[in-house]
Each structure stands twice: as C-alpha cells, then as structure tokens.
Amino acid sequence: MPVALEMEIRRSHVVRGDEVDDREWIQASPLCPLLAQHHIAHVGLLEASEPFEIARPDQSGTFMLACLSGGGLVKVDGQWKRVAAGQACLQPPFVSNEMKTTGREPWRICWVRYRESRESNPIVSAASPVLGTYDPQPLLHAIQGLHAECKGEAAPAMLHLWTELIHSYVLRFAQPHQADARLWKLWEAVQNSLEYPWSLEELAHRACVCKEHLRRLCRNELGRSPMQQVTFLRMQQARHLLATTDEKVETITRQIGYTNPHTFSNTFKKWIGWRPSEQRR
C-alpha cells in the first residue's frame, strides 16, 4: 500500500473501475466497471500543496499523470524528475516510485491508474516516454465527463464513449505512433538483443545519426538518454523474467547483457526499488 504524507490535498472527479481498493476516498467515488475492461483501476483529479508526498513500494499497474498547473517531482528510473504544466509522466508497473509537491503554487494533475498482472504486457512499451510534453485538457475533460455521467443518468453508451476516450488519451502518450521511425527500429533491435554490449556509438550507428542527435531525439521523445533507455529495457525484461520464470539470477544477468551479477543487482535496485532476490520473493 502507498505510504503518504498528505497535509494539503484535494481529490475530485474520482471514478473507480472495480471494488478492489478499500481506501475511503476511493470507496466514496462512483463505480464504472467499463474502466476495468481496459484494466483501469481508477481515474481522477488531484490538487496538492506542500507538504504532500506519496511513496508506492510496489505499484501494481501503470500510472500516468498529466500536469494542469504548478509542478511537482516524480521519482522514476531511480531519480527525481520534475513534472510541470503541459507535461505528462508515465510510471511503469511493478517498480518503486514516489511523488511530491514543490513550490508555492498547488500542483494540479489528472491521473489514470491501471492494474496489470505481472505475466501480461503493460501499456508501457519500448517506445513509451517516461516524461514528455502533453496537452492535459482532453484527458481532463474526459475524466470530468465520465464522472458527470456516472453521477447522472449513467447511460451505458455514454459511459463507454468516455471510457474509450480516457484510455485513448493515455495511449496517445504511452504508445506514440508518430515517433521517429529511426528510434522505433532502434529500440526494437535493442529489445531483441538485450544481451548485446550496446554502446552509445553502436546505437547512433544503428539509428544512422550522430551521437549528439541521438541524445536529443531520445530526450525529446522518451525523456531519457539513449543508454538510460537501454537500461530501462533491460530492467523491465529482468523484472518480467524474475516474475514469470524459475531461471537463476545469474542466468538472467547474462541474458540481459550484464557480466557481473553484483552490478546487475545494484542497477536493478536503483531502477526497480529492490534487489532481484526480493523481486522473486
């Protein structure tokens, strides 16, 4: 369960997809089972002022937040990233992450929280950004529309439309179809050969661009450096193998391109939140 410090926080327009979560603020919200068809646990709006901080030791699904105003910090990939107005952050499932407010202005966000199994493929893919530019208004209005319909006539056809819009607005950010084709092909090649000793020079050569241009492309489209993206893909594959197979940690270490189990364990701890042996338990 999340560990939170919530002094000045207001949630509104919360809609849940199921009755699994027994927290009071979620149980008081309307229920829309259609959300669960897309594995969405809940959606809503949040306004928080300092001090507000929440830590999720093992988030059981993808979490997307889009910033409407103000700004805050989100800990993903083992480091703090600032999310300001006009940006969105995509946090992958089954990792440890944190978020907190900064500055005097309240941090206003809309969110969509998924609930995914460890055996299935989450909506986060090799092309998914961790942080990027995003217009939050369409998602905001879709969440408000779904909440109003749930509290009103709750017409099935209207609930379906609002639900589809919410999921589609998340996918627009999580799975961008307009991403640079050179990057899409590059990360597909990396995903298929995680054991290869990738270097920045090799990545740039595969993408047919110079190293600096590759850095700029990755920062703009993914919010990560090229080598950070390689690490992200390796850690996600390691997490999946630890959760779904009985292979030894040493074997998985080699499969994803590490020769030193200690280095792999430390990297896994930084990016996922705990060590490989703890992940398996």
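Everything here concerns the structure above.
Residues numbered from 1 in each chain as written. Predicted model: local features only at pLDDT ≥ 70, side-chain atom pairs only at ≥ 80, totals over all residues. Heavy atoms only, no water.

Draft legend 1. Focus on the packing of helix α4 (residues 181-192) against helix α6 (residues 211-222). At a minimum axis separation of 11 Å, α4 and α6 run at an interaxial angle of 90°. Classified by the angle their axes make, α4 and α6 are roughly perpendicular. Counted together, Arg182, Leu183, Leu186 and Trp187 of α4 and His213, Leu214, Leu217, Cys218, Glu221 and Leu222 of α6 form the full contact between these two elements. Of the residues belonging to the contact of α4 with α6, the class tally is seven nonpolar, one polar and two charged. (Axes fitted to C-alpha atoms, helices over the stretch in contact; angles between N-to-C directions. Helix = DSSP H or I, 4+ residues; strand = E, 2+ residues; numbered from the N terminus. Parallel < 35°, antiparallel > 145°, perpendicular 65-115°, else oblique. Contact = heavy atoms within 4.5 Å. Nonpolar A, V, L, I, M, F, W, Y, C, P; charged D, E, K, R; others polar.)

Draft legend 2. Focus on the environment of Tyr114. Its location among the elements puts Tyr114 in strand β8 (residues 107-114). Separated by 156 residues in sequence, Tyr114 and Lys270 have C-alpha atoms that sit 23 Å apart. In this structure, Tyr114 is in contact with His38, His39, Ile40, Ala41, Ser60, Gly61, Thr62, Ile123, His167 and Val170, ignoring residues within four places of it in sequence. Here His167 takes part through its side chain, which lies 2.8 Å from a polar atom of the side chain of Tyr114. (Polar contact = N/O pair within 3.5 Å; in protein donor to acceptor, adjacent residues only side chain to side chain.)

Draft legend 3. Molecular detail of the pairing of strand β6 (residues 87-91). The buried count for β6 comes to four of five residues, which makes it a mostly enclosed element. Of the strand pairs in this sheet, strand β3 (residues 63-69) and β6 are connected by four bridges, and their pairing is antiparallel. Within the sheet, the bridge partner assigned to Phe63 lies in β6 and is Gln91. (Buried < 20%, exposed > 50% of the residue type's maximum accessible area, 1.4 Å probe, protein only. Pairing = 2+ DSSP bridges.)

Draft legend 4. Local environment of the pairing of strand β7 (residues 97-101). Summarising burial for β7: four of the five residues are buried, a large majority. When strand β2 (residues 40-56) meets β7, the two strands line up antiparallel, connected through four bridges. By the bridge assignment for β7, Arg56 is matched with Asn97. Where strand β4 (residues 71-76) and β7 come together, four bridges link them in antiparallel fashion. For Lys75, the partnering residue across the bridge sits in β7 and is Glu98.

Draft legend 5. Inspection of the packing of α4 against helix α7 (residues 226-244) at higher detail. Where α4 meets α7, the closest approach of the two axes is 10 Å, and the angle between their N-to-C directions is 45°. Between α4 and α7, the interaxial angle falls into the category oblique. Between α4 and α7 lies a crossing whose hand is right-handed. Here Trp187, Val190 and Gln191 of α4 lie close against α7, whose contacting residues are Pro226, Gln229, Val230, Leu233 and Gln237. In the contact of α4 with α7, the residues fall into five nonpolar, three polar and no charged. (Left-handed = near helix turned anticlockwise from the far one by under 90°.)

Shape descriptors only; they carry no functional weight alone.
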